[in-house]
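Overview (structure and organization)
In case you want the letters, here they are:
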Amino acid sequence: MDRDNYYSVVSFSSLPTSSDCVVFAMDESKDGIYIDFIRRREAHWRSHNFDTTTIGSYGPFLDTAIFLDGAFFCVDHHGNVGVFSTKDTSWKVEPHEIKEPHEIYVNDSSPGFLVECGGDLLLVKLEYDEKPIRILNLVSLLWNG
C-alpha cells in the first residue's frame, strides 16, 4: 500500500475478531481498479492493480461490498457485478442487463447495499419517492418493490 489515496469501498469478510477475517479495500482511477486486502494476523497488505485495458471499463462501483463464498462482490451504477476472489486474487466483472428499466443510482443520492438472503445476492436501494425501498435480485435481475 504505497499509494496515497482513500478507498471508495471497504468491507470485512466476517467479524474483525474472527480468525478468518479478511479486510478488503478498493478504489478506482482512470487507469483501473486498485484492490488491497489483508488477512487477520498477516503483517502486510496485498495490493493488486487491475488495468482497464485488461478488465474493461466499468463503474463507478457503489461504496459497499459483501463477502460470499470466498469472494467480495461489488456492484456498479449499471448493475454490473465485480467479483474479487481472495483464493486466486482475480478480479472479474459480470455484466448484467437489467430486465426492468430503473436507475441504479439516482442523482448520486440513492444509497445501495449488497446483501445475501437465502443464497441470493440482492441489491437493496433506499430511495426518496413513493417506493422508498427497492430490491434487485442479481440472479434474476428483477426489481421487487
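The following paragraphs examine the structure supplied in this document. (Residues numbered from 1 in each chain as written. Predicted model: local features only at pLDDT ≥ 70, side-chain atom pairs only at ≥ 80, totals over all residues. Heavy atoms only, no water.)

1. A look at the pattern of salt bridges
Pairing between side chains of opposite charge can happen when the charged atoms of each approach one another. For the structure on display, the rule yields 1 salt bridge. The closest approach of N and O atoms between Arg46 and Glu42, which form a salt bridge, is 2.5 Å. What makes Arg46 partly exposed here is its relative accessible area of 34%. (Salt bridge = Lys/Arg side-chain N within 4 Å of Asp/Glu carboxyl O. Buried < 20%, exposed > 50% of the residue type's maximum accessible area, 1.4 Å probe, protein only.)

2. A closer look at the sheet that holds strand 6 (residues 71-75)
Spatially, the 4 strands line up as an open sheet ordered 5-6-7-8, and their pairing is antiparallel. If you trace the sheet from one side to the other, it starts and ends with strand 5 (66-68) and strand 8 (91-94), each paired once. Averaged over all pairs of adjacent strands, the angle between their axes in this sheet comes to 30°, without regard to strand direction. Here strand 7 (residues 81-85) pairs with strand 8 via 4 bridges, running antiparallel. Bridge pairing in strand 8 places Val81 opposite Glu94. (Pairing = 2+ DSSP bridges. Helix = DSSP H or I, 4+ residues; strand = E, 2+ residues; numbered from the N terminus. Axes fitted to C-alpha atoms, helices over the stretch in contact; angles between N-to-C directions.)

3. A closer look at the nonpolar core
In terms of nonpolar packing, the biggest core is built from 14 residues, with Val9, Phe24, Met26, Ile35, Cys74, Phe84 and Trp91 touching the most fellow members. Mapped onto this core, the elements with two or more residues apiece are strand 2 (22-29), strand 3 (32-39), strand 6 and strand 8. Within the second largest apolar cluster, 13 residues are counted, among which are Phe73, Leu114, Leu121 and Leu123. (Core = buried A, V, L, I, M, F, W, Y, C linked by side-chain atoms within 4.5 Å.)

4. Regarding the pairing of strand 7
Among the 5 residues of strand 7, 5 are classified as buried, and the element is accordingly described as predominantly covered. Burial along strand 7 is two-sided: the residues Val81, Val83 and Ser85 and Gly82 and Phe84 are all buried. Linking strand 7 back to strand 8 in an antiparallel pair, the connection comprises 5 residues, with Thr89 at a positive phi of about 50°.

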